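Geometric and topological summary
Single-letter residue listing:
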Amino acid sequence: MNDPTGRSLAAEVREEGAPVADDDPKVVSTDEGNPFIRYVGSDVLLSLQYPRTDAPAEPAFLIMTQVMELLFKLAHIEALRTRDQLESSDVTGALWTLRRLGQVSATLTGSWDVLGSLSPTEYAEFREQLGSGTGFQSFMYRQMEFLLGNKNAKLAEAHRADERIHRDLVRTLTEPSLYDAALRLLWRRGLPVPRSCVERDWSEPYEEQDAVVDAWHVVYVEKDKYGDLYQLAEALMSLAADLGQWRYTHLLTVERLLGAKAGTGGTTGANWLRRVADHRFFPELWMVRTKL
Ligand code: HEM
């Protein structure tokens, strides 16, 4: 690439002592700064890591926690798009978005590998820095759980002190979840979904119903007629299984690091997480399998 004086940028850099090939990337810094850093915000992002100790494993814990928070955010963005596509009966679009959401969920589970490399003694070197802090207080995780259908108004109230976070959580709590949107779609397509699944107080926890199992049963048994809904059912099942993997891998990581110790958030730790891991997103899709 030539500049107005006719000299190639590579030649310019070479003059400054760095041996480069003509097709090397341009090293650009304008008055507004470096365009990559400006676009990605990496200067801000990479200035947000503050280990509180010299413990060798603390950076891994802090950074992987931040990585997961970012992935919760991306999962929430993709789940929101899927929910809206289902609400507008765009099943093809929803299936496409679910492909990406599935990859995000798998990456979330893979993220545990780094934390699985910590020993209990390494973790103990900085654990007390958390105080009463715990992943249970992650609002992005709560957003994701609410949007996928695991609603609990009390958990939104726990964030009342932060107006913006609380407002966003209440919005997600009071809107249809991704699963509600799927059931509303089935209903519009004439499947026997009960009226109570189509209009209700969305902030109430979802309760599984035999009639919804029956509706999914029709989709599976008549998959030639309901091909797109059959694909949707299986894509949702993959997502539910991936999210279940994240929960189980969290539980195993916690057992490795803490044994039977209580959590910093005041629960019984692994025992409590075992109960959480028993929850299933999109429950009737799990139930219908028994009938097929
Ligand atoms: C590797 C060290 C970790 C340990 C020992 C650990 C331990 C625990 C424990 C014991 C709980 C139950 C609540 C409590 O009493 O604190 C919990 C909940 C939770 N943790 Fe972790 N955790 C770890 C890493 C992470 C990371 C990296 C994340 C990602 C941000 C995370 C996200 C969560 C979430 C979202 C919950 C609440 C789950 C729910 O409400 O269903 N944890 N964790």
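The structure presented is a predicted model; accordingly, all values stated were derived computationally and were not measured. Numbers given for residues are sequential positions, taken from 1 along each chain in its written order. Local features in a predicted model are, by the rule used here, given only for residues with pLDDT of at least 70; side-chain atom pairs are given and counted only at 80 or more, and totals for whole chains, interfaces and linings are based on all residues. Hydrogen atoms and water are omitted, and side-chain values are computed over all heavy atoms in the structure.

On to the coordination of the iron atom of the ligand, then. For Na, K and Ca the donor cut-off is 3.2 Å, and for all other metals it is 2.8 Å, counting N, O and S atoms only; because water is absent from this set, sites may look incomplete. Here the protein supplies the iron atom of the ligand with just one donor, His250 (NE2), and that contact is 2.3 Å long. Within the secondary structure, His250 sits in helix α13 (residues 227–258). A helix here means a DSSP run of H or I that spans at least four residues, while a strand means a run of E at least two residues long, and both kinds are numbered starting from the N terminus.

Definition of nearness: a residue and a molecule or strand are near each other if at least one heavy atom of the residue lies within 4 Å of the molecule or strand. Taken together, 27 residues form the shell around the ligand, and within it Thr134, Arg142, His250, Gly265 and Thr267 come nearest. Here a polar contact is taken to be a pair of N or O atoms separated by no more than 3.5 Å, where protein atoms must pair a possible hydrogen donor with a possible acceptor and residues adjacent in sequence count only if both atoms sit in side chains. Residue Arg142 places a side-chain N or O atom 2.8 Å away from an oxygen atom belonging to the ligand. Here Thr267 contributes a side-chain N or O atom positioned 2.6 Å from an oxygen atom of the ligand. In this classification, the charged set is Asp, Glu, Lys and Arg, the nonpolar set is Ala, Val, Leu, Ile, Met, Phe, Trp, Tyr, Cys and Pro, and all remaining amino acids, among them Gly, are polar. Taken together, the residues of the shell around the ligand sort by class into 15 nonpolar, 10 polar and two charged.

Moving on, we get to the UniProt feature "binding site: heme" (unreviewed entry) in the protein. UniProt positions are given in the numbering used here, feature names are shortened, and annotations may be inferred rather than shown by experiment. If you check UniProt for "binding site: heme" (unreviewed entry), the listed places come out as His250 in our numbering. Here the term buried applies to any residue with accessible area under 20% of the maximum for its type, exposed to any over 50%, and partly exposed to those in between, with areas from a 1.4 Å probe on protein chains only. Residue class for His250 comes out partly exposed when judged on its relative accessible area of 22%. Not counting residues within four places of it along the chain, the set of residues in contact with His250 comprises Trp112 and Leu273. Here a residue-residue contact requires only that any non-hydrogen atoms of the pair lie within 4.5 Å.

Along the chain, Glu234 falls in helix α13. Sequence separation of Glu234 and Leu285 is 51 residues, and the distance between their C-alpha atoms is 8.6 Å. Setting aside residues up to four positions removed in sequence, Glu234 forms contacts with Tyr220 and Arg289.

Quick look at the nonpolar core now. Nine residue types can take part in a nonpolar core, namely buried Ala, Val, Leu, Ile, Met, Phe, Trp, Tyr and Cys, and a core is a set of them joined through side-chain atoms within 4.5 Å. Within the largest apolar cluster, 66 residues are counted, with the highest numbers of intra-cluster contacts made by Leu148, Trp216, Leu236 and Phe282. Those elements that place two or more of their residues in this core are α4 (58–87), α5 (91–110), α6 (112–115), α8 (139–148), α11 (178–188), α12 (210–221), α13 and α14 (270–277). A per-element tally of this core places α13 first, with 14 residues. Every residue in contact with Trp216, bar those within four places of it in the chain, is listed here: Tyr179, Leu183, Leu186, Leu229, Ala233, Leu236, Glu284, Leu285 and Val288.

Let us now look at α14. Turning to α14, its buried residues are Ala270, Leu273 and Ala277. Here the buried residues of α14 occupy an arc of 60° about the axis, which is enough to place them on one side. Looking at the buried positions of α14, the neighbouring elements they touch are α13. Note: the arc covers the axis-to-C-beta directions of the helix.

With that out of the way, let us pick up the packing of α13 against α14. Where α13 contacts α14, the axes come no closer than 9 Å and their chain directions differ by 170°. The angle between the axes of α13 and α14 places the two elements in the roughly antiparallel class. In contact with Arg247, Tyr248, His250, Leu251, Val254 and Glu255 of α13, α14 contributes Ala270, Leu273, Arg274, Val276 and Ala277. When grouped by side-chain class, the residues that make up the contact of α13 with α14 number seven nonpolar, one polar and three charged. Fitting a line to C-alpha atoms yields each axis, with helices limited to the stretch in contact; the angle taken between N-to-C directions then spans 0 to 180 degrees. Throughout, the term roughly parallel applies to angles under 35 degrees, roughly antiparallel to angles over 145, roughly perpendicular to angles from 65 to 115, and oblique to all others.

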